[in-house]
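Each chain, letter by letter, is given below.
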Amino acid sequence: MNQISSKTILMLTGAYVNHACWDNWQDYFSTQGYQTLAPAWPEKDAPTSTLRSRHPDKNLARLNLYRLIDHYTAIINRLPEKPILMGHSFGGLLAQLLLNRDLGAAAIAIHPVPPLGVIPYEFNFLRSNAATLGFFTDLDKPYLMPLKKWKFAFTNGLPEDVQQATYEHLVIPESKRVARGGISAAAKLDWEKDHAPLLILAGKRDQCIPPTLNKRNYEKYRSNRSVREFVLKDRNHHVLGLPTWKEDAADIAGWIRRH
């Protein structure tokens, strides 16, 4: 289970953002000889402006984590080989869950939301994500992250014009039911089970998914026969779109080659 031979990469988008966040990463890994896919979540396969114009979209509001897992499972089952699962944030959680179901040749979880069993008590995590859970609000109205929260949770430390531009380019409404799925049985995995190689990346400046949370996620695994690695860098949660994205992609490509 510790050798990666797949040349297919399935990129798993996180919450709050359009799957266009993977555009540069798809181009890069294509030049490295991989077939890349970055499919949208159900009810999100449209430009950012279109998805915002639909807000509040009741079809999106009904999306839950079980359906999202089924969506990606169906995509994987149509592929000629098990893909390398590469996910960011909530997509990182999906990568871990799908890997635990033996649906991936490997997984790279970039600043992932943790599976059930890793308690997220960090204040910055709660400040960044509590509103998405929708407690005491209408579940049939998706959550659209405001610019102020985007600046805090994703793009902290970046120039204001970059924060504004990335917000307009990427931020879309989110299903509260999907977010709640992250603290439900849908997000449960078997920590004792042997698994294909797993790389978990964390960012020192990440306020949405703090590095201490990623570290506890990594340490929760118990299989001694499985390749597993944790890497901490000086990044915020907008890691896919930072000027350092290509350096990070190259490091991931190197990790895949080593295994």
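Shown above is the structure to which this text applies.
This is a predicted model, so every value here is computed, not measured.

Looking at empty space enclosed by the protein
Here is step 1: What the rule picks out here adds up to 1 cavity of 30 Å³ or more.
Here is step 2: Approximately 30 Å³ is the volume found for the largest cavity.
Here is step 3: What lines the largest cavity is simply His111, Leu201, Ala202, Lys233, Arg235, Val239 and Asp248.
Here is step 4: Classifying every residue of the lining of the largest cavity by side-chain character gives 3 nonpolar, 1 polar and 3 charged.

Notes on unusual backbone geometry
Here is step 1: Residue Pro56 follows His55 across a cis peptide bond; omega there is 0 degrees.
Here is step 2: Backbone geometry places Glu43, a non-glycine residue, at a positive phi of 70 degrees.
Here is step 3: Glu43 gets classed as partly exposed once you look at its relative accessible area, which sits at 28%.
Here is step 4: A positive phi angle, close to 70 degrees, is found at Phe136, a residue other than glycine.
Here is step 5: One can find Phe136 in the loop between helix H6 (123–133) and helix H7 (147–153).

Observations concerning the packing of aromatic side chains
Here is step 1: With the rule as written, the count across this model stands at 13 aromatic pairs.
Here is step 2: On the numbers, 4.5 Å between centres and 20 degrees between planes, the contact of Trp150 with Phe154 is stacked.
Here is step 3: By relative accessible area, which is 0% here, Trp150 ends up buried.
Here is step 4: Within the aromatic cluster, the residues linked to one another by ring pairs are Trp22, Trp25, Tyr28, Phe29, Tyr34 and Trp245.
Here is step 5: Positioned over the ring face of Tyr34 is Lys7, at 4.0 Å from the centre of the ring.
Here is step 6: Between the NZ or CZ atom of Arg127 and the centre of the ring of Phe152, over which it lies, the distance is 3.8 Å.

Considerations on the pattern of salt bridges
Here is step 1: Going through the model one piece at a time under the given rule, you end up with 13 salt bridges.
Here is step 2: One salt bridge in this structure joins Asp140 and Arg177, with 3.2 Å as the shortest N-O distance. Residue Asp140 is found in the loop between H6 and H7, and its partner Arg177 is found in helix H9 (residues 176–181); the two are separated by 37 residues along the sequence.
Here is step 3: On the basis of relative accessible area, Asp140 is assigned to the partly exposed category, the value being 32%.
Here is step 4: One salt bridge connects Glu160 with Lys151, and the closest N-O pair in it is separated by 3.3 Å.
Here is step 5: For Glu160, a relative accessible area of 57% puts it in the exposed group.
Here is step 6: With relative accessibility at 23%, the residue Lys151 sits in the partly exposed group.
Here is step 7: Put simply, Lys233, Arg235, Glu247, Asp248 and Asp251 are held in one network by salt bridges that share partners.

Criteria and thresholds
- Residues numbered from 1 in each chain as written.
- Predicted model: local features only at pLDDT ≥ 70, side-chain atom pairs only at ≥ 80, totals over all residues.
- Heavy atoms only, no water.
- 1 Å grid on protein atoms, 1.4 Å probe; cavity = no way out; pocket = protein on both sides within 12 Å on 5 of 7 lines; lining within 4 Å.
- Points joined across faces, edges and corners; volume = space filled by probe spheres on them.
- Nonpolar A, V, L, I, M, F, W, Y, C, P; charged D, E, K, R; others polar.
- Buried < 20%, exposed > 50% of the residue type's maximum accessible area, 1.4 Å probe, protein only.
- Helix = DSSP H or I, 4+ residues; strand = E, 2+ residues; numbered from the N terminus.
- Phe/Tyr/Trp six-rings, centres within 6.5 Å; stacked < 30°, edge-to-face > 60°.
- Lys NZ or Arg CZ within 6 Å of the ring centre and 35° of its normal.
- Salt bridge = Lys/Arg side-chain N within 4 Å of Asp/Glu carboxyl O.

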